[in-house]
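# Structural overview
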Amino acid sequence: MESRATSTAAFIIHSPFDSALPRIRRAIRDDQLSIAAEIDTAHRVKRALEIYVPPCRILLIDNPAFTLETTAIDRTSGTLIPLHLVISGAGNHTLVHMLKVEHIRQSDLPIGVRAPVLDLQRQVLRTLGRIAERVRTEDLLRSEQVPTADGPDAA
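Before going into details, it helps to say that this report is about the structure given with it. Everything numeric here is computed off the predicted structure, so don't read it as measured data.

Another point: the nonpolar core. Ile24, Leu59, Leu85, Ile87, Val96, Met98 and Val124 are the most contacted members of the largest nonpolar core, which totals 31 residues. At the level of secondary structure, the elements contributing two or more residues to this core comprise β1 (8–13), α2 (17–30), β3 (56–62), β4 (83–90), β5 (93–99), α5 (101–105) and α6 (111–131). Every residue in contact with leucine 59, bar those within four places of it in the chain, is listed here: Leu21, Ile24, Ile28, Ile35, Ala37, Glu38, Leu83, His84, Leu85 and Ile87.

Here it is, written out as structure tokens:
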């Protein structure tokens, strides 16, 4: 089984969660993508377990054309589309994680499913690249502090 460090792409936005989340939503819409659903995981944990955790949302991102294309070929593609984008607050920064393109590229999915999923991933990566800084997931997992652009581990 792959570790989280090798299977996710990570980004950082140097602003707090409450201002970064609307910026992410707007960028997604501007790039003709859809947010099929949004899950407030921090709220769910607080409500169910009465435990406070930092803000965290999972945005389910899709492009209706890719969704149609993949589900027409193989309905199990619904496990990959919509694409899960995990957005979490980290003090004055916001972290964003998504499944790496390599994870799908190296899978044994049928090409008719793999190609649209890769297209969606690339589209989301371009969107995030406009508003966030790509960082190494391994650095985020090793460090309790969020890396900065001028730090030694900056990507």
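One key point about sheets: their strands pair by backbone hydrogen bonds, in either a parallel or an antiparallel sense. One open sheet holds the six strands; their spatial order is β2-β3-β4-β5-β1-β6, and the pairing between them is antiparallel. Of all the strands in the sheet, the pair left with one neighbour each is β2 (34–40) and β6 (133–135). Adjacent strand axes in the sheet meet at a mean angle of 25°, parallel and antiparallel pairs treated alike. Two strands pair when backbone bridges link them, and β3 and β4 are joined in this way by six bridges, in the antiparallel orientation. From the neighbouring strand, arginine 57 faces β4, where its bridge partner is isoleucine 87. Each of β1, β3, β4, β5 and β6 touches α6; the most contacted strand, β5, lies at about 165° to it.

Turning to the packing of α2 against α6, a few remarks are in order. Close contact between α2 and α6 brings their axes to 10 Å; oriented N to C, the two are set at 130°. Regarding the angle of α2 to α6, the classification is oblique. At the point where α2 passes α6, the crossing takes the right-handed sense. Taken together, the residues of α6 that come into contact with α2 (itself represented by Arg23, Ile24, Ala27, Ile28 and Asp30) are Thr127, Arg130 and Ile131.

Conventions and cut-offs
Residues numbered from 1 in each chain as written. Predicted model: local features only at pLDDT ≥ 70, side-chain atom pairs only at ≥ 80, totals over all residues. Heavy atoms only, no water. Core = buried A, V, L, I, M, F, W, Y, C linked by side-chain atoms within 4.5 Å. Buried < 20%, exposed > 50% of the residue type's maximum accessible area, 1.4 Å probe, protein only. Helix = DSSP H or I, 4+ residues; strand = E, 2+ residues; numbered from the N terminus. Contact = heavy atoms within 4.5 Å. Pairing = 2+ DSSP bridges. Axes fitted to C-alpha atoms, helices over the stretch in contact; angles between N-to-C directions. Parallel < 35°, antiparallel > 145°, perpendicular 65-115°, else oblique. Left-handed = near helix turned anticlockwise from the far one by under 90°.

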